[in-house]
Amino acid sequence: MGIFSALLGNAGTVSQEDLVKNYGQLLTDREEIEMGFKLIRDTFIFTNKRLILVDKQGITGSKTEYRSIAYKSISRFSIETAGTFDLDAELKIWVASELQPSIVKQFNKSVNVYEVQKVLAHHVLG
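Residues numbered from 1 in each chain as written. Predicted model: local features only at pLDDT ≥ 70, side-chain atom pairs only at ≥ 80, totals over all residues. Heavy atoms only, no water.

**Re the side chain of Thr47**
Relative to the assigned elements, Thr47 resides in strand S3 (residues 43–47). When neighbours within four sequence positions are excluded, Thr47 is seen to be in contact with Leu27, Glu31, Glu32, Ile33, Glu34, Ile52, Tyr71 and His123. (Helix = DSSP H or I, 4+ residues; strand = E, 2+ residues; numbered from the N terminus. Contact = heavy atoms within 4.5 Å.)

**Considering the environment of Glu90**
Topologically, Glu90 is positioned in strand S7 (residues 89–95). Only 2.5 Å separates the side chain of Glu90 from the side chain of Gln106, close enough to count as a polar contact. (Polar contact = N/O pair within 3.5 Å; in protein donor to acceptor, adjacent residues only side chain to side chain.)

**What to know about the packing of aromatic side chains**
Within the structure shown, the criterion is met by three aromatic pairs. Ring geometry for Phe37 and Phe44: centres 5.3 Å apart, planes at 35°, overall tilted. With respect to burial, Phe37 and Phe44 carry one shared label: buried. The interplanar angle of 70° and the centroid separation of 5.8 Å between the aromatic rings of Phe44 and Phe46 together place this pair among those described as edge-to-face. Feature note: the residues Phe37, Phe44 and Phe46 constitute an aromatic cluster, connected by ring pairs. (Phe/Tyr/Trp six-rings, centres within 6.5 Å; stacked < 30°, edge-to-face > 60°. Buried < 20%, exposed > 50% of the residue type's maximum accessible area, 1.4 Å probe, protein only.)

**Section: the pattern of salt bridges**
The final tally for this structure, using the stated rule, is two salt bridges. For Arg50, the salt bridge goes to Glu31, with nearest N and O atoms at 2.7 Å. Here Arg50, found in strand S4 (residues 50–57), pairs with Glu31, found in the loop between helix H2 (16–23) and strand S2 (33–38); they are 19 residues apart in sequence, far enough to count as distant. Residue Arg50 shares its accessibility class with Glu31, and that shared class is buried. Across the pair Glu90 and Lys92 runs a salt bridge whose closest N-O atoms are separated by 3.8 Å. Taking the relative accessible area as the measure of exposure, Glu90 reaches 15% and is therefore buried. (Salt bridge = Lys/Arg side-chain N within 4 Å of Asp/Glu carboxyl O.)

**Brief notes about the nonpolar core**
Judged by nonpolar contacts, the single largest core of 21 residues is most densely connected at Phe37, Phe44, Phe46, Leu51, Phe107 and Val116. Of all the elements in the fold, those that place two or more residues in this core are S2, S3, S4, S7, strand S8 (103–107) and helix H3 (113–125). The residues touching Leu51, leaving out its near neighbours within four places in the chain, are Phe44, Ile45, Phe46, Arg67, Ser68, Ile69, Tyr71, Ile93 and Ile103. One finds Leu19, Tyr23, Ile52 and Val54 within the second-largest nonpolar core, a separate group that totals six residues. (Core = buried A, V, L, I, M, F, W, Y, C linked by side-chain atoms within 4.5 Å.)

**Regarding H3**
Between its first and last C-alpha, H3 extends 18 Å over 13 residues, near the 18 Å set by a 1.5 Å rise per residue. What H3 keeps buried is the set Val113, Val116, Val119, Leu120, Ala121 and His123. Buried-residue contacts for H3 involve S2, S3, strand S6 (74–80), S7 and S8. (Expected span 1.5 Å × (residues − 1).)

**Considering the pairing of strand S5 (residues 63–70)**
Here S4 pairs with S5 via eight bridges, running antiparallel. Looking at S5, one finds that Leu53 is bridged to Arg67. The turn linking S4 back onto S5 is made up of five residues, and Gly58 within it adopts a positive phi angle of 80°. (Pairing = 2+ DSSP bridges.)

**So, the pairing of S2**
A regular strand carries its side chains on alternate faces of the sheet. Bridge count between S2 and S3: five bridges; the pairing is antiparallel. Note on S3: the bridge partner recorded for Met35 is Phe46.

Here it is as structure tokens:
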């Protein structure tokens, strides 16, 4: 099961200090990082203004794409909690009027998917 989890890209929480240190240059004035998650090589960050996806590309991971999604562009989202034999929870986010989710992320048990949902709901519904 461990190899499959690694291949699928499970997310784990990242400390706010590490996120600010590594990605603080991406922030605008009065923008603050609230929460972030690390996948194998990728990171996604919730700020008080937007969702930032950091996608490491290529074999070495030296090329990086920074994708910014305004919360007002998120039309809906869903979480699927882990079952008894399933170690992962899943987050899906739809942007604008797309029929398929734009973002699908797997979380391992170390991440409280309800907390992720709470942050999203706060920004999308607020």
